[in-house]
Amino acid sequence: LSSTKTVTGKKKVQAAEKEKKVGAWWKAYKGVMPMTRIYITAVVVMTGLGFLLGEELAQGLLALDPIRFMYGLELWRPFTAATFLGPPSLEWLFSGYYLFQYGSQLERAYGTAQHVIFLLTQIVVLSFMSIMMGQPFYTGSVITAMLHVLSRATPDQNAK
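Residues numbered from 1 in each chain as written. Predicted model: local features only at pLDDT ≥ 70, side-chain atom pairs only at ≥ 80, totals over all residues. Heavy atoms only, no water.

**Points about the overall build of the protein chain**
Inference 1: Each helix and strand counted, the protein chain has eight helices and zero strands in total.
Inference 2: Listed by position from the N terminus, the elements making up the protein chain come as α-α-α-α-α-α-α-α.
Inference 3: Across the 160 residues in the protein chain, those meeting the buried criterion constitute 31%.
Inference 4: For the protein chain, contacts bridging at least 24 residues in sequence account for 64% of all contacts bridging at least 6.
Inference 5: Accessible surface, the protein chain as shown: approximately 10,800 Å² in total, 67% of it carbon and sulfur. (Helix = DSSP H or I, 4+ residues; strand = E, 2+ residues; numbered from the N terminus. Buried < 20%, exposed > 50% of the residue type's maximum accessible area, 1.4 Å probe, protein only. Contact = heavy atoms within 4.5 Å. Areas by Shrake-Rupley, 256 points an atom, 1.4 Å probe, with all protein chains shown as cover.)

**So, the nonpolar core**
Inference 1: Counting 26 residues, the largest nonpolar core has Tyr-138, Val-142 and Met-146 as the members making the most contacts within it.
Inference 2: Listing elements by their share of this core, those giving two or more residues are α2 (34–53), α3 (55–62), α6 (90–110), α7 (112–133) and α8 (139–153).
Inference 3: For this core, the element with the highest residue contribution is α8, accounting for five residues.
Inference 4: Among residues more than four places away in sequence, those in contact with Tyr-138 are Leu-64, Pro-78, Ala-81, Ala-82, Ile-123, Leu-126, Ser-127 and Ser-130. (Core = buried A, V, L, I, M, F, W, Y, C linked by side-chain atoms within 4.5 Å.)

**Some details on α6**
Think of an α-helix as 3.6 residues a turn; residues three or four steps apart then line up on the same face.
Inference 1: Its 21 residues place the ends of α6 30 Å apart at the C-alpha level, agreeing with the 30 Å of an ideal helix rising 1.5 Å per residue.
Inference 2: The set of residues buried in α6 consists of Trp-92, Ser-95, Leu-99, Gln-101, Tyr-102, Gly-103, Ser-104, Gln-105, Leu-106 and Glu-107.
Inference 3: Elements in contact with the buried residues of α6: α2, α7 and α8.
Inference 4: N-cap assignment for α6: the residue whose side-chain oxygen lies 3.4 Å from the backbone N of Glu-91 is Ser-89.
Inference 5: Of the residues flanking the end of α6, it is Gly-111, one or two places downstream, whose phi is positive at about 100°. (Expected span 1.5 Å × (residues − 1). Polar contact = N/O pair within 3.5 Å; in protein donor to acceptor, adjacent residues only side chain to side chain.)

**Observations regarding the packing of α7 against α8**
Inference 1: Between α7 and α8, the shortest axis-to-axis distance is 10 Å and the interhelical angle comes to 130°. One element, α7, and the other, α8, form an angle in the oblique class. Considering only the axes of α7 and α8, their crossing is right-handed. Contact residues: His-115, Phe-118, Leu-119, Gln-122 and Leu-126 in α7; Ser-141, Val-142, Ala-145, Met-146 and Val-149 in α8. (Axes fitted to C-alpha atoms, helices over the stretch in contact; angles between N-to-C directions. Parallel < 35°, antiparallel > 145°, perpendicular 65-115°, else oblique. Left-handed = near helix turned anticlockwise from the far one by under 90°.)

**Points about the packing of aromatic side chains**
Inference 1: Summed over the entire model, instances satisfying the criterion amount to five aromatic pairs.
Inference 2: Look at Tyr-98 and Tyr-102: their rings are 5.7 Å apart centre to centre, the planes differ by 10°, and that puts the pair in the stacked class. With Tyr-98 and Tyr-102 both in helix α6 and four residues apart, this pair spans about one turn of that helix.
Inference 3: A relative accessible area of 35% means that Tyr-98 is categorised as partly exposed.
Inference 4: Here the aromatic residues Phe-94, Tyr-97, Tyr-98 and Tyr-102 are joined through ring pairs into a cluster of three or more.
Inference 5: The lysine or arginine in question, Arg-37, covers the ring of Tyr-29, its NZ or CZ lying 5.8 Å from the ring centre. (Phe/Tyr/Trp six-rings, centres within 6.5 Å; stacked < 30°, edge-to-face > 60°. Lys NZ or Arg CZ within 6 Å of the ring centre and 35° of its normal.)

**Quick word on the environment of Gly-54**
Inference 1: Tracing the backbone shows Gly-54 in the loop between α2 and α3.
Inference 2: On the basis of relative accessibility, which here comes to 25%, the residue Gly-54 falls in the partly exposed class.
Inference 3: Residues Gly-54 and Pro-87, 33 residues apart in the sequence, show an inter-C-alpha distance of 9.1 Å.

**So, a nonpolar patch on the surface**
Inference 1: Taken together, Leu-90, Leu-93, Phe-94, Tyr-97, Tyr-98 and Phe-100 make up a surface patch of nonpolar side chains, about 620 Å² in accessible area.
Inference 2: With respect to the element layout, Phe-94 can be found in helix α6. (Patch = residues over 30% accessible without salt bridge, like charges linked within 9 Å, V, L, I, M, F, W, Y side chains within 5 Å. Salt bridge = Lys/Arg side-chain N within 4 Å of Asp/Glu carboxyl O.)

**Observations regarding α8**
Inference 1: Look at α8: 21 Å from first C-alpha to last across 15 residues, which is about the 21 Å you get at 1.5 Å a residue.
Inference 2: By the burial criterion, the buried members of α8 are Thr-139, Val-142, Ile-143, Ala-145, Met-146 and Leu-150. One side of α8 carries all its buried residues, which in axial view fall inside an arc of 155°. (Arc of directions from axis to C-beta.)

Laid out in structure tokens, this is it:
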């Protein structure tokens, strides 16, 4: 006998409410544009990983370290540097919101394929810039680049 069903086989009221809540979250998640959804998921996963590892170890494993990237062939570093926003905080929430807003609008305006090209280009360019300037993480720069491109593409759009 399932815990979501009564003795007669009908769904429990509480189980139906839980399914509605989970279904609504899942529907909202699936409603986000595909590449933006992947990027937001990567940000959440990297934040969770950083939280589990602790601040010092997370920065050691996720930061863009040019020596480890080039000579140690730790090829994940540009991607983790582009997706790690740091520990959960109010700033993290705002950055996540901006990532959702600007990423979705940009992907909707140009399409998923162009958005993938944009993100990969940003990762390559910002990796070189970050190495030259000694910045280990650049997720905020990716979000700012999204805002810049979006504002240049639609200069007459009203701000939200």
